[in-house]
Amino acid sequence: MGNVEGHDESVRIAHLTMLQGVITRMGANSFTLKALAATFGSAAVAVLATVETPSPYYAVAATFPMIIFWLMDAQYLRLERAYRKLYDHVRKGEDVEAYSLEATPFMKDTSSVLQLALSWSVSWFYMAIFLSLGAVASLIFCGV
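First, a word on what this report is: a plain description of the structure on this page. Computed from a prediction, not measured in an experiment: that's the story for all the values here. (Residues numbered from 1 in each chain as written. Predicted model: local features only at pLDDT ≥ 70, side-chain atom pairs only at ≥ 80, totals over all residues. Heavy atoms only, no water.)

1. Quick look at helix 2 (residues 56–91)
Piece 1. If you check helix 2, its first and last C-alpha atoms are 53 Å apart, about what 36 residues at 1.5 Å a residue would give, namely 52 Å.
Piece 2. Phi for Gly93, located one or two positions after helix 2, is positive at around 80°. (Helix = DSSP H or I, 4+ residues; strand = E, 2+ residues; numbered from the N terminus. Expected span 1.5 Å × (residues − 1).)

What follows is the structure in structure tokens.
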């Protein structure tokens, strides 16, 4: 009987390890998106500040990819939260199929992508980039 319990515990530990790997990747992907957005935003500011005849379309064009990065970042946060809920169920020994990586049932318990995009942990970063871009654009186009 001890062998069966030991086997169940080793399966649970392996399952938790797999889930922790997924959660870590979600965090790394979120960090990468933030790095790309910061690089893209900095490049857009540099282009606006250095090009001989700047166009307001440069600033507008720069906002679309950054909005996509923002929403993708919020989606990774949403997925990470769902996987953390799955992780907790496995950790507590609740009824979850061994080695399952299916977090879809836990998505209903997490906030929507838009709610997460507007949360302080995500929005402040992207708003800082947009404000920087807007400040440089207004300095250039308003002649300040």
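Next, the rest of the story.
2. Some details on the packing of aromatic side chains
Piece 1. Taken as a whole and assessed by the stated rule, the structure comprises 3 aromatic pairs.
Piece 2. A ring pair is formed by Trp70 and Tyr126, whose centres lie 5.6 Å apart and whose planes are at 10°; its orientation type is stacked. Here Trp70 is found in helix 2, whereas its partner Tyr126 is found in helix 5 (residues 120–141), with 56 residues between them in sequence.
Piece 3. Aromatic pair Trp70 and Phe130: ring centres 5.8 Å apart, planes at 40°, arrangement tilted. Placement of Trp70 in helix 2 and of Phe130 in helix 5 is noted, with a sequence separation of 60 residues between them. An identical accessibility class is assigned to Trp70 and Phe130; each is buried.
Piece 4. Grouping aromatic residues by their ring pairs yields a cluster made of Trp70, Phe125, Tyr126 and Phe130. (Phe/Tyr/Trp six-rings, centres within 6.5 Å; stacked < 30°, edge-to-face > 60°. Buried < 20%, exposed > 50% of the residue type's maximum accessible area, 1.4 Å probe, protein only.)

3. Overview of the pattern of salt bridges
Piece 1. Tallied over the full model, the rule gives 4 salt bridges.
Piece 2. Arg84 serves as the salt-bridge partner of Glu80, at 3.0 Å between the closest nitrogen and oxygen. Taken together, the residues span about one helical turn, with Glu80 and Arg84 both in helix 2 at a distance of 4 residues.
Piece 3. Overall, Glu80 belongs to the buried group, its relative accessible area being 14%.
Piece 4. Judged by its relative accessible area of 41%, Arg84 is partly exposed.
Piece 5. Put simply, Arg91 and Asp88 hold a salt bridge, and the shortest N to O gap is 3.4 Å. Remark: Asp88 and Arg91 occur in helix 2; sequence separation between them is 3 residues, near one turn of the helix.
Piece 6. For Arg91, a relative accessible area of 41% translates into the label partly exposed.
Piece 7. Residue classification places Asp88 among the partly exposed positions, given a relative accessible area of 32%. (Salt bridge = Lys/Arg side-chain N within 4 Å of Asp/Glu carboxyl O.)

4. Considering the side chain of His15
Piece 1. Along the chain, the position of His15 falls in helix 1 (residues 2–50).
Piece 2. Overall, His15 belongs to the buried group, its relative accessible area being 2%.
Piece 3. Sequence-distant contacts of His15, that is, excluding residues within four places in its chain, are made with Val90, Val96, Glu97, Ala98, Tyr99 and Ser100. (Contact = heavy atoms within 4.5 Å.)

5. Structural notes on unusual backbone geometry
Piece 1. The backbone of Tyr99 shows a phi angle near 65°, a positive value even though the residue is not glycine.
Piece 2. Counting through the fold element by element, Tyr99 comes out in the loop between helix 2 and helix 3 (104–107).
Piece 3. The class of Tyr99 is partly exposed, set by a relative accessible area of 40%.

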